[in-house]
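Secondary and tertiary structure notes
Residues per chain are reported as follows:
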Amino acid sequence: MPAEPPAAAVEFDGDVGCIAAARHHAARFLDRVRAEHGIEVSDRALDLTQLVVSEVVTNACKYAPGPFGLDLRIVGGLIEISVRDSDPVLPVARAAEPSRVGQHGLEIVLAVAETFEAHREGTGKRVTARVALADKGPVGRAAGQTPGARPAVNAPGAR
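Heads up: these notes are all about the structure in this document. (Residues numbered from 1 in each chain as written. Predicted model: local features only at pLDDT ≥ 70, side-chain atom pairs only at ≥ 80, totals over all residues. Heavy atoms only, no water.)

**What to know about the pattern of salt bridges**
Keep this limit in mind: Salt bridges are identified by distance alone: a Lys or Arg side-chain nitrogen within 4 Å of an Asp or Glu carboxyl oxygen. Each helix is a run of DSSP H or I of at least 4 residues and each strand a run of E of at least 2, with the numbering of both proceeding from the N terminus. Partly exposed describes any residue whose relative accessible area lies between the buried limit of under 20% and the exposed limit of over 50%, with all areas from a 1.4 Å probe on protein chains only and scaled to the type maximum.
Here the structure, examined in full by the defined rule, presents 10 salt bridges. Its salt-bridge partner being D71, residue R84 comes within 2.9 Å of it at the nearest N-O pair. Separated by 13 residues along the polypeptide, R84 in strand β3 (residues 78–85) and D71 in strand β2 (residues 68–75) bring together distant segments of the chain. Look at D71 and you get buried, because its relative accessible area is 18%. Taken together, the salt bridges that share partners define one network made up of E11, D71, R84, E121 and R126.

**Focus on the layout of surface pockets**
Note the threshold: A 1.4 Å probe that fits into a set of points on a 1 Å grid over the protein atoms alone but cannot get out defines a cavity; an open set with protein on both sides within 12 Å along at least five of seven lines defines a pocket, and lining residues are those with an atom within 4 Å of a point. Grid points are joined across faces, edges and corners, and a volume is the space filled by probe spheres set on the points. In this count, Pro and Cys sit with the nonpolar residues alongside Ala, Val, Leu, Ile, Met, Phe, Trp and Tyr, while Asp, Glu, Lys and Arg are called charged and the others, Gly among them, polar.
Approximately 440 Å³ is the volume found for the largest pocket. Counting only elements with at least two residues in the lining of the largest pocket, the list comes to α2 (43–63), α3 (105–112) and β5 (124–132). Residue composition of the lining of the largest pocket, grouped by class: 12 nonpolar, five polar and seven charged.

**Some thoughts on the environment of V75**
With respect to the helices, strands and loops of the structure, V75 is situated in strand β2. On a C-alpha basis, the gap between V75 and A7 in space is 9.3 Å, while along the polypeptide they are 68 residues apart.

**Side note on the sheet that holds strand β1 (residues 7–12)**
Using the following cut-off: Any two strands between which DSSP finds at least two bridges are classified as paired. With axes taken as lines fitted to C-alpha atoms, and helix axes fitted only over the stretch in contact, angles between N-to-C directions fall between 0 and 180 degrees.
Within the open sheet, the five strands sit side by side as β1-β2-β3-β5-β4. Their pairing is antiparallel. Each end of this open sheet is capped by a strand with a single partner; those strands are β1 and β4 (115–121). Direction aside, neighbouring strands of the sheet carry axes that sit 15 degrees apart on average. Bridge count for β2 against β3 is seven bridges, and the pairing is antiparallel. Following the sheet pairing, V75 is matched in β3 by L78.

Distances and angles like these do not, on their own, reveal function.
Here is the structure:
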C-alpha cells in the first residue's frame, strides 16, 4: 500500500499575527517534507509557497473575519495550499488598473501558481492554489498559462 502524501492542517482564529503564523507553518511543513520524505523543494518553491499562503490567508482575514483553516498537501510535484473560510463569496481577479492601490493579491497568486480554484463549501468557501516544488522556469500567467478553474467575473456572489 503506498504511503499517504505528506499533509498538514491547522486552524487559525483570524486574530492579528495569524498571517505570519500561517506563513511560518507552511515553511516548517516544507522543511519537514524535505527532511522526512526526501522530496525536493526548491528555495523558489519555499518562497512562492509563503507568498501564496500570505495572500490567501490575508483575504480570509479581510473578507471572512473569524476562524479559518489552512490545509497543505503534497500532490505529485506540487504543494497544494487550501484555505477554508466562512465567506461564501468567491474571489475574482480584477482587470488591471494602474491607479488601483491594493487588491492585487489574487493577481499575484494567479501569476505564480500552477493552478487556482475556488468553490463554495458548507457556509463558506475553499480556495486552493498549487505551486511547483521544483524549479522549471516561469509558471502561471508569467508562462502564458491560464491557471486552473476560477469563477467567471460575473458569477453570482463573486467579489
